[in-house]
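Residue strings, one per chain:
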Amino acid sequence: MDAITATLDPRTRAGWLLLGFALGGFFDGIVLHQILQWHHLLSGVADPVGSDLRFQIMADGLFHLFMYVLAVAGTVLLVAARAAGARPGTTTEILRLAFAGFGVWHVVDAVVFHWLLDLHRIKMNSDLPLAWDIAWLVIFGIVPLVLVLVLPNRGGPARGASAALTSIVLLAGLAAGAGPFFNGAANSIIVFRAGMEPAAMMRAVEVADAHLKWVDASGTIWAVDRVSWRGLVALHARGALVVSTTPVIAGCLAWTDAAGVSSSSSQQRGTPARL
C-alpha cells in the first residue's frame, strides 16, 4: 500500500481490511460450502463428527456468524472514523485495503485450515487435493494481493468503490459457480425437519419427482437422485430444511462418496456416505 493509504485514519484502514477479510470468508463459505458443495468447514474431521451432516451445517453457520461479526466490527470502525471527521479514502485506497483483507483470508485459510489443522481441503474428493488448494490460493489469495500493489493511484472520492467491489465478487461467484459442470456426483441429500412422519417425507420426495436411494438411521436424512428447480421448491415447501443439490447439473455434495451411495439398494436404511 502506498503513502496515501498510510495517511488514512487507523480505524478506516482496519475497517476496510476487516470487511475485505470477512468478504473472503463469506465468498468461500457461500461458493464452496453451498454452491459447489465441495466441502464443509469441518469435513476433514474424523468420524463420527465428520459424517454428521447436521453438525457440519451448524459449524458452517457458526463460521458465517463469525464472518458476520467481523463485517459488523469493520463497519463500526468506518462509521466511528467518519463521525470523527476522518478522511474517507479514495476508490483506490478502499480497493487496496479490501483486496488485502480478501487475499489475507485465503492465505490464512490455506495455510492454517488446509495444511496445519487439516480441517478440510478445497475439493475433498479430489485425487490431487494439494493442486486444488494451490490453484484456489493463487486465484483468490495471491492475485488480490498483487492487485494491491499494481492498482493505479486515483485521488478522487470513493464513489465507485462499493460498486467495483460488488461487481468483482459477483463475477468471481459466477465463475466459481460453473464448477458443478465438472462434478461427477448425481445424488442429492435432503435433511427433513425432526419429527416428520416417514409418509410425509416420502410424499415430499414423490412430489419432487425424485427417486429414493437410501435413508440414514435417524430417518430424517435422505439421498435421492436428480432434483429439478421445481422439485427443490416442492421439497422445501413440504418440510425439507436443507436440499444439498445443484439442479443445473443435478449435482449434490460433490465430495460425498457417490460410488458408495449408488451401490446402496433403492430403499436401504443405513449410515450415509461421508457427509
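Conventions adopted
Residues numbered from 1 in each chain as written. Predicted model: local features only at pLDDT ≥ 70, side-chain atom pairs only at ≥ 80, totals over all residues. Heavy atoms only, no water. Helix = DSSP H or I, 4+ residues; strand = E, 2+ residues; numbered from the N terminus. Buried < 20%, exposed > 50% of the residue type's maximum accessible area, 1.4 Å probe, protein only. Contact = heavy atoms within 4.5 Å. Areas by Shrake-Rupley, 256 points an atom, 1.4 Å probe, with all protein chains shown as cover. Axes fitted to C-alpha atoms, helices over the stretch in contact; angles between N-to-C directions. Parallel < 35°, antiparallel > 145°, perpendicular 65-115°, else oblique. Left-handed = near helix turned anticlockwise from the far one by under 90°. Nonpolar A, V, L, I, M, F, W, Y, C, P; charged D, E, K, R; others polar. 1 Å grid on protein atoms, 1.4 Å probe; cavity = no way out; pocket = protein on both sides within 12 Å on 5 of 7 lines; lining within 4 Å. Points joined across faces, edges and corners; volume = space filled by probe spheres on them. Arc of directions from axis to C-beta. Core = buried A, V, L, I, M, F, W, Y, C linked by side-chain atoms within 4.5 Å. Pairing = 2+ DSSP bridges. Salt bridge = Lys/Arg side-chain N within 4 Å of Asp/Glu carboxyl O. pLDDT = per-residue confidence, 0-100.

## Focus: the overall build of the protein chain
Move 1: Helix and strand counts for the protein chain stand at nine helices and five strands.
Move 2: Mapped in sequence order, the helices and strands of the protein chain form the string α-α-α-α-α-α-β-α-β-β-α-β-α-β.
Move 3: Per-residue burial over the protein chain gives 47% buried out of 275 residues.
Move 4: Once local pairs closer than 6 in sequence are excluded, the contacts in the protein chain between residues at least 24 apart make up 75%.
Move 5: Put simply, the protein chain shows about 13,100 Å² of open surface, and 69% of that area lies on carbon and sulfur atoms.

## Thoughts on unusual backbone geometry
Move 1: For aspartate 118, which is not a glycine, the phi torsion comes out positive at approximately 55°.
Move 2: Following the sequence through the fold, aspartate 118 ends up in the loop between α4 (91–116) and α5 (129–150).
Move 3: A positive phi angle, near 60°, is found at aspartate 209, a position not held by glycine.
Move 4: Note that aspartate 209 resides in the loop between α7 (198–207) and β2 (212–215).

## Observations regarding the packing of α4 against α5
Move 1: For the pair α4 and α5, interaxial distance at closest approach is 7 Å and the crossing angle is 155°. As summarised for this structure, α4 and α5 are arranged roughly antiparallel, according to the angle between their axes. The two elements α4 and α5 cross, and the hand of that crossing is left-handed. For the pair α4 and α5, contact is made by Arg96, Phe99, Ala100, Phe102, Gly103, Val104, His106, Val107, Ala110, His114 and Trp115 and by Leu130, Asp133, Ile134, Trp136, Leu137, Phe140, Gly141, Pro144, Leu145, Leu147 and Val148, respectively.
Move 2: When grouped by side-chain class, the residues that make up the contact of α4 with α5 number 16 nonpolar, four polar and two charged.

## Some thoughts on the layout of surface pockets
The method is simple in principle: a probe with the dimensions of a water molecule rolls over the atoms, and the space it marks as empty is what remains.
Move 1: Size it by volume and the largest pocket reaches roughly 240 Å³.
Move 2: In terms of lining, the largest pocket is formed by 13 residues, of which the most central are His33, Gln34, His40, Ile57 and Val242.
Move 3: Among the elements of the structure, α2 (10–35), α3 (53–83) and β4 (240–244) are those that each provide at least two residues to the lining of the largest pocket.
Move 4: Here the lining of the largest pocket gets five residues from one element, more than from any other, and that element is α3.
Move 5: Considering only residue class, the lining of the largest pocket consists of five nonpolar, seven polar and one charged.

## Let's talk about α7
Move 1: Listing the buried residues of α7 in full gives Met201, Ala204, Val205 and Val207. The arc that holds every buried residue of α7, seen down its axis, measures 165°, which confines them to one face.
Move 2: Of the surrounding elements, those touching the buried residues of α7 are β1 (188–192), β3 (221–224) and α8 (229–237).
Move 3: Aspartate 209, located one to two residues past α7, shows a positive phi value of around 60°.

## Considerations on the nonpolar core
Move 1: Counting residues in hydrophobic clusters, the biggest one holds 17 residues, and the most contacted among them are Ile190, Phe192, Val205, Trp222 and Leu235.
Move 2: Of all the secondary-structure elements, those providing two or more residues to this core are β1, α7, β2, β3, α8 and β4.
Move 3: Among the elements that take part in this core, α7 stands out by supplying three residues, more than any other.
Move 4: The contacts of valine 205, once residues within four sequence positions are left out, are Ile190, Phe192, Ala210, Trp222, Val224 and Leu235.
Move 5: With eleven residues, the next largest nonpolar core counts Ala22, Ala59, Ala71 and Trp105 among its residues.

## Topic: the pairing of β3
Move 1: What you see with β3 is no split at all: Ile221 and Ala223 on one side and Trp222 and Val224 on the other are buried throughout.
Move 2: Two strands pair when backbone bridges link them, and β1 and β3 are joined in this way by four bridges, in the antiparallel orientation. Paired with isoleucine 190 across the bridge in β3 is tryptophan 222.
Move 3: Pairing between β2 and β3: three bridges, direction antiparallel.

## Describing the pattern of salt bridges
For side chains of opposite charge, pairing can occur when their charged atoms come near one another.
Move 1: The full count for this structure, using the stated rule, is five salt bridges.
Move 2: In this structure, aspartate 9 and arginine 11 form a salt bridge, with 3.1 Å as the shortest nitrogen-oxygen distance.
Move 3: The salt bridge partner of arginine 203 is glutamate 206, with a shortest N-O separation of 3.8 Å. Of this pair, arginine 203 and glutamate 206 both sit in helix α7, three residues apart, which is roughly one turn of the helix.

## Thoughts on the confidence of the model for the protein chain
Move 1: Chain-level statistics for the protein chain give a pLDDT mean of 78 and a share of 75% at 70 or above.
Move 2: Scored below 50 in pLDDT, residues 177–185 shows 21 contacts in the model against residues more than four places distant or in partner chains.
Move 3: Note that pLDDT drops below 50 for residues 246–275; the model gives that stretch 101 contacts with residues more than four away or on any other chain.

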